[in-house]
Amino acid sequence: MRNKSSSWQRSAALLWLLVAALLIGHNGYLWLVQRITPNTDITALLPAQQQDPIKQQAFDHMVASAQQRLVVLIGASDWQQAQRAADAYRTVIARRPDLLTQDDADAASEQNQRDWLAPFSASRLGLLTPQQRSDLQTQPVTFWTQRALSGLYGAFGGPRLGAWQDDPFGLFSSWVQTRAQETPVRPRDGKLFVEAEGRSYVVLLMRLRQPAFAMATQQAVMPLANAAKQAALQAVPSSEIITAGVVLHAAAASTQAAGEMSTIGIGSLLGILLMMWLSFRSLKPIALIAVSIAIGCLGALSICWLLFGQIHLLTLVFGASLIGIAQDYGIYFLCCRLRVDQQQDIGPRNLLRKIWPGLCLTLAAALIGYLGLALTPFPGLRQMAVFSALGLIFAWLTVLCWFPIFTNSGKLRASTPALAFGASRARWPLWRGNRAGYCVAALFILMAALGIARLQVSDDIRSLQKTPPDLLADQLKLSRLLDAPTPVQFYLIRADTTEQLLQREEALQTRLQALIGRKVISGYQAISSWSPSAKRQRENQQLAQGALLAAAGPLPAIAQQIGEDAAWVAKLKAGIAAPQTLLTPDAFLHTPAGEPSRYLWLGQIADQSGRARYASIVALRGLNNYANLPLLAQAADPQQEVQWVDKVGEISAVLGSYRRYMSWVAAGAYLAIFALLFWRYRLSAWRILLAPAAASIATLAALGWLGLPLQLFHVLALMLILGLGVDYGIFLREEPDRQDRFAWLAVGLSAVSALLAFGLLALSQTPPLHAFGLTMLIGMAIVWLLSPCTELFTTVPTTHTAQATATRPQNRGIT
């Protein structure tokens with residue numbers, strides 16, 4: 001019988017070695033050959049019917065236009081000093097043309113300005129501002145006569161294409177000025193210039209040649225930008241350098257993550273290794289547990305990739321942390337093996353058979369919780385549930401197949417401190433059903449109720465970001481000085497044709513003008529401002545020609561004022577009456593003037609059903625008060641397919657939906673796990689759940705007392721507390737003798753590992769990790785302390801004798 005058991009274990013170990021080799025090979029192929037990249041799109045976590053490919057492409061379009069840009073403002077008290085500092089800055093940047101290209105020099109050149117105006121000349125009468133349209137409809141002839149004479153004698157300034165005769169009433173000049181007002185940046189002395197708060201700023205526009213989120217890019221850009229800044233300050237010590245760009249925020253996040261990894265991560269790892277060494281005086285237990293968790297991660301990734309064809313970044317982050325529960329299986333096995341070597345009460349070959357019920361129950365209890373996640377309508381939660389469940393199964397099978405073989409030779413020895421801790425179970429305080437016990441329970445309920453009553457909820461994605469203060473200050477000031485549009489709030493317009501799309505944009509512009517008057521926004525950017533619909537261009541031309549070419553119009557009066565004859569009037573009328581070329585969006589976007597606006601035009605794109613549609617974006621400027629977002633949402637028109645997009649609000653809504661669903665899943669998991677435990681422990685099953693339930697309640701109350709709002713990451717941590725707490729309760733119930741040291745040692749080792757691995761994340765400066773870690777720190781400490789207190793509720797022996805051991809409660813449970 002013994003040989004048959006040994007043969008079965010060797011066969012299982014060899015088979016699992018083959019499985020592990022396949023997993024390593026498949027993961028190597030995915031990462032090294034196929035070079036997979038985790039999906040970072042938060043909307044991919046939404047149910048399929050809530051996903052909108054056109055809206056997602058619009059957001060990607062907005063982000064892509066800004067992601068590779070690096071914008072620098074170099075200011076000084078006068079223009080000459082600002083130029084000198086900017087020249088010093090640009091000299092340093094010019095050393096790395098392979099890393100950064102400078103766009104501002106070309107944009108400010110005289111040739112570029114001429115190229116900028118030229119494409120509009122053939123369409124000038126079709127390009128009118130709303131104010132010009134109103135003036136042409138309402139103003140008398142004398143108004144236009146005086147306007148033309150003012151322009152002729154120099155009183156009316158502004159850019160002019162060609163001679164006065166080409167634009168006698170300044171319509172095109174005024175339109176160009178209006179378009180130029182979409183940004184305060186102006187060309188000056190071959191540079192881009194902005195003036196504000198009594199200082200002159202040179203605007204440097206640079207574009208990254210390499211991906212902003214690549215570590216190599218960040219490591220190259222940051223020293224270069226710092227060296228350029230020092231050069232500018234050395235040239236003009238009083239100069240001000242304002243820098244903004246996605247690459248700066250990405251580099252700051254990478255630096256913070258690397259710093260925390262080297263402190264929190266390495267610190268927790270060293271702590272766990274030291275604890276295991278002090279407990280077992282051997283590296284073998286450490287290696288075995290690490291291997292079981294590693295195979296769990298490899299197996300989960302391989303199967304998930306085969307099932308879903310992709311994997312989300314959040315799945316990797318939270319799935320990898322949730323299968324940290326898998327360490328409990330290995331720790332429980334090793335501590336039970338210690339009992340075999342210490343007490344010789346059963347043979348090593350029978351150990352697995354003895355602990356089999358406890359191992360099965362811990363796995364089943366964890367899988368129940370993940371089954372609840374898998375039943376939600378969110379694909380992200382389903383993928384996370386499948387990943388975590390597979391990780392647990394693979395780690396659990398690793399313990400079953402390999403641990404008996406690798407621990408069969410030699411003995412495991414527990415250190416004196418480990419045995420002393422295990423013996424503390426016999427002296428651990430128990431809750432008594434007397435007046436003092438009920439007073440403690442009442443006090444706990446009161447404090448928990450008051451704390452939870454103070455608890456607020458926040459799903460705002462902005463609360464999960466912590467930008468360095470200097471970067472945030474630069475970003476805000478630059479946005480204010482440049483009046484830059486926001487990339488996360490905008491309007492998305494769709495239509496069946498380009499003409500219909502432009503007409504819907506124009507209708508939206510009319511509604512936005514009212515909001516500009518109310519100071520809700522300072523302006524907007526739209527393709528139809530530059531390239532109106534064909535209908536609008538024809539209307540503009542007819543309106544201008546009707547008002548300016550009438551027999552009693554302004555031209556005869558102007559000729560009389562300046563002493564010209566009828567032939568001169570006829571020549572001007574012929575120019576105004578000449579056919580105009582319709583300016584299309586495609587023609588506009590291929591001009592130098594259209595380059596900054598290309599991010600607003602999506603063009604033809606397939607919708608969710610595969611039908612070809614046309615889409616564009618209207619961006620907003622001067623949106624500084626988020627309380628005005630409802631007013632902007634009201635300007636949308638769903639019937640005309642004008643959609644308000646608030647990406648911050650959408651992501652926050654996704655996080656809120658996940659938090660609510662996971663809260664219900666956690667509550668349902670308690671009920672389902674109780675039903676599972678009732679099958680084995682009967683009426684004692686609730687004692688196993690009491691410690692994690694009380695810890696979860698106490699953690700929520702602590703968040704309320706600390707004034708911290710409840711977030712998704714707190715709920716995720718509560719799920720992990722439930723999984724670990726149930727494991728602890730099962731370990732202790734499977735060994736109900738309080739003289740037994742090894743079940744309590746397993747609980748202690750697992751709890752300390754969890755506190756070191758997850759609780760230390762409370763020290764992180766990254767808000768999601770801090771929230772997760774703080775919840776784990778509070779919850780796991782309470783679970784650890786309460787688990788042995790609920791073992792016996794009605795009878796507490798004053799001494800632990802051989803008789804108490806002989807009459808220990810059985811698995812039927814104690815009522």
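Residues numbered from 1 in each chain as written. Predicted model: local features only at pLDDT ≥ 70, side-chain atom pairs only at ≥ 80, totals over all residues. Heavy atoms only, no water.

**Notes on helix α27 (residues 685–706)**
And step 1. With 22 residues, α27 extends 33 Å from end C-alpha to end C-alpha; this agrees with the ideal 32 Å at 1.5 Å per step.
And step 2. The largest bend in α27 is about 30°, located at Ala691, with the proline Pro692 one to four residues further on.
And step 3. A large share of α27 lies buried, amounting to 16 of its 22 residues. (Helix = DSSP H or I, 4+ residues; strand = E, 2+ residues; numbered from the N terminus. Expected span 1.5 Å × (residues − 1). Bend = angle between axes of the 7 residues up to and from the residue. Buried < 20%, exposed > 50% of the residue type's maximum accessible area, 1.4 Å probe, protein only.)

**Examining the packing of helix α14 (residues 351–374) against helix α15 (residues 379–406)**
And step 1. Here α14 crosses α15 at 170°, and the two axes come no closer than 8 Å. Taken together, the axes of α14 and α15 lie roughly antiparallel to each other. Touching Leu352, Trp356, Leu359, Cys360, Leu363, Ala366, Leu367, Tyr370, Leu373 and Ala374 of α14 are Leu381, Arg382, Ala385, Ser388, Ala389, Leu392, Ile393, Trp396, Leu400 and Pro404, all from α15. (Axes fitted to C-alpha atoms, helices over the stretch in contact; angles between N-to-C directions. Parallel < 35°, antiparallel > 145°, perpendicular 65-115°, else oblique. Contact = heavy atoms within 4.5 Å.)

**Re the nonpolar core**
And step 1. In this structure, Tyr329 and Met776 are the most contacted members of the largest nonpolar core, which totals 92 residues.
And step 2. Ranked by residues supplied to this core, first place goes to helix α28 (residues 712–734) with 13 residues.
And step 3. With residues near it in sequence (within four places) discarded, Met776 still touches Ala717, Leu720, Ile721, Leu724, Leu755, Phe758, Gly759 and Ala781.
And step 4. By size, the runner-up hydrophobic cluster in this structure holds 48 residues, among which are Leu117, Leu512, Phe588 and Leu632. (Core = buried A, V, L, I, M, F, W, Y, C linked by side-chain atoms within 4.5 Å.)

**Describing unusual backbone geometry**
And step 1. Despite not being glycine, Arg35 shows a phi value in the positive range, around 50°.
And step 2. Tracing the backbone shows Arg35 in the loop between α1 (2–33) and α2 (53–67).
And step 3. According to the relative accessible area criterion, Arg35 is exposed, its value standing at 63%.
And step 4. Backbone geometry places Lys519, a non-glycine residue, at a positive phi of 65°.

**Here's the deal with the pairing of strand β4 (residues 191–196)**
And step 1. Taken across its six residues, β4 has five buried, putting it largely inside the fold.
And step 2. Relative to strand β5 (residues 199–208), β4 is paired through five bridges, and the arrangement is antiparallel. Bridging across to β5, Val194 finds its partner in Tyr201.
And step 3. Adjacent in sequence and paired antiparallel, β4 and β5 are bridged by two residues, among which Glu197 carries a positive phi angle near 55°. (Pairing = 2+ DSSP bridges.)

**Overview of the pattern of salt bridges**
And step 1. Enumeration over the complete set of coordinates arrives at 25 salt bridges.
And step 2. We note a salt bridge from Glu506 to Arg536, for which the minimum N-O separation is 4.0 Å. Here Glu506 is found in helix α19 (residues 498–517), whereas its partner Arg536 is found in helix α21 (residues 534–548), with 30 residues between them in sequence.
And step 3. Classification of Glu506 as buried rests on a relative accessible area of 8%.
And step 4. With a relative accessible area of 25%, Arg536 lands in the partly exposed category.
And step 5. When salt bridges with common partners are traced through the structure, they connect Glu197, Arg199, Glu240, Lys477 and Arg480 into a single cluster. (Salt bridge = Lys/Arg side-chain N within 4 Å of Asp/Glu carboxyl O.)

**Description of the packing of helix α26 (residues 647–681) against α28**
And step 1. Packing of α26 against α28 brings their axes to within 8 Å, and their N-to-C directions diverge by 10°. What the angle tells us is that α26 and α28 run roughly parallel.
And step 2. Across the contact of α26 with α28, the residue classes break down as 17 nonpolar, one polar and four charged. (Nonpolar A, V, L, I, M, F, W, Y, C, P; charged D, E, K, R; others polar.)

**Structural notes on the packing of aromatic side chains**
And step 1. Under the counting rule described, the total for this entry stands at 22 aromatic pairs.
And step 2. Between Phe333 and Phe403, the ring centres sit 5.7 Å apart and the planes meet at 85°, which makes this aromatic pair edge-to-face. With a gap of 70 residues between them, Phe333 in helix α13 (residues 327–343) and Phe403 in helix α15 connect regions that are remote in the sequence. Just as Phe333 is buried, Phe403 falls in that class too.
And step 3. Of the aromatic side chains, those joined through ring pairs into one cluster are Phe120, Phe172, Trp175, Trp530 and Phe588. (Phe/Tyr/Trp six-rings, centres within 6.5 Å; stacked < 30°, edge-to-face > 60°.)

**Concerning the side chain of Ser764**
And step 1. As for its placement among the helices and strands, Ser764 is situated in the loop between α29 (742–757) and α30 (767–786).
And step 2. Not counting residues up to four positions away in its chain, the partners in contact with Ser764 are Glu260, Ile264, Leu769 and His770.

**Structural notes on the confidence of the model for the chain**
Low pLDDT marks regions whose predicted coordinates should not be analysed in detail.
And step 1. With 89% of its residues at a pLDDT of at least 70, the chain reaches an overall mean of 84.
And step 2. The secondary structure element of the chain with the lowest average pLDDT is helix α31 (residues 802–806), at 38, and the one with the highest is α27, at 95.
And step 3. Considering only residues more than four positions removed or in separate chains, one finds that residues 155–159, a stretch of pLDDT under 50, has 12 contacts.
And step 4. pLDDT under 50 marks residues 793–815. Its contacts with residues more than four places away, or in other chains, come to 38 contacts. (pLDDT = per-residue confidence, 0-100.)

**Points about the environment of Pro53**
And step 1. Along the chain, the position of Pro53 falls in helix α2.
And step 2. Discounting residues that sit within four places of it in the chain, Pro53 has contacts with Ala606, Asp607 and Gln608.

**Some points on the environment of Gln219**
And step 1. Assignment of secondary structure puts Gln219 in helix α9 (residues 215–235).
And step 2. Judged by its relative accessible area of 54%, Gln219 falls in the exposed class.
And step 3. Separated by 32 residues in sequence, Gln219 and Ala251 place their C-alpha atoms 7.6 Å apart.

**A few points about a nonpolar patch on the surface**
And step 1. Where nonpolar side chains cluster on the molecular surface, the patch consists of Leu443, Leu446, Met447, Leu450 and Trp705 and spans about 480 Å² of accessible area.
And step 2. As for its placement among the helices and strands, Met447 is situated in helix α17 (residues 435–453). (Patch = residues over 30% accessible without salt bridge, like charges linked within 9 Å, V, L, I, M, F, W, Y side chains within 5 Å. Areas by Shrake-Rupley, 256 points an atom, 1.4 Å probe, with all protein chains shown as cover.)

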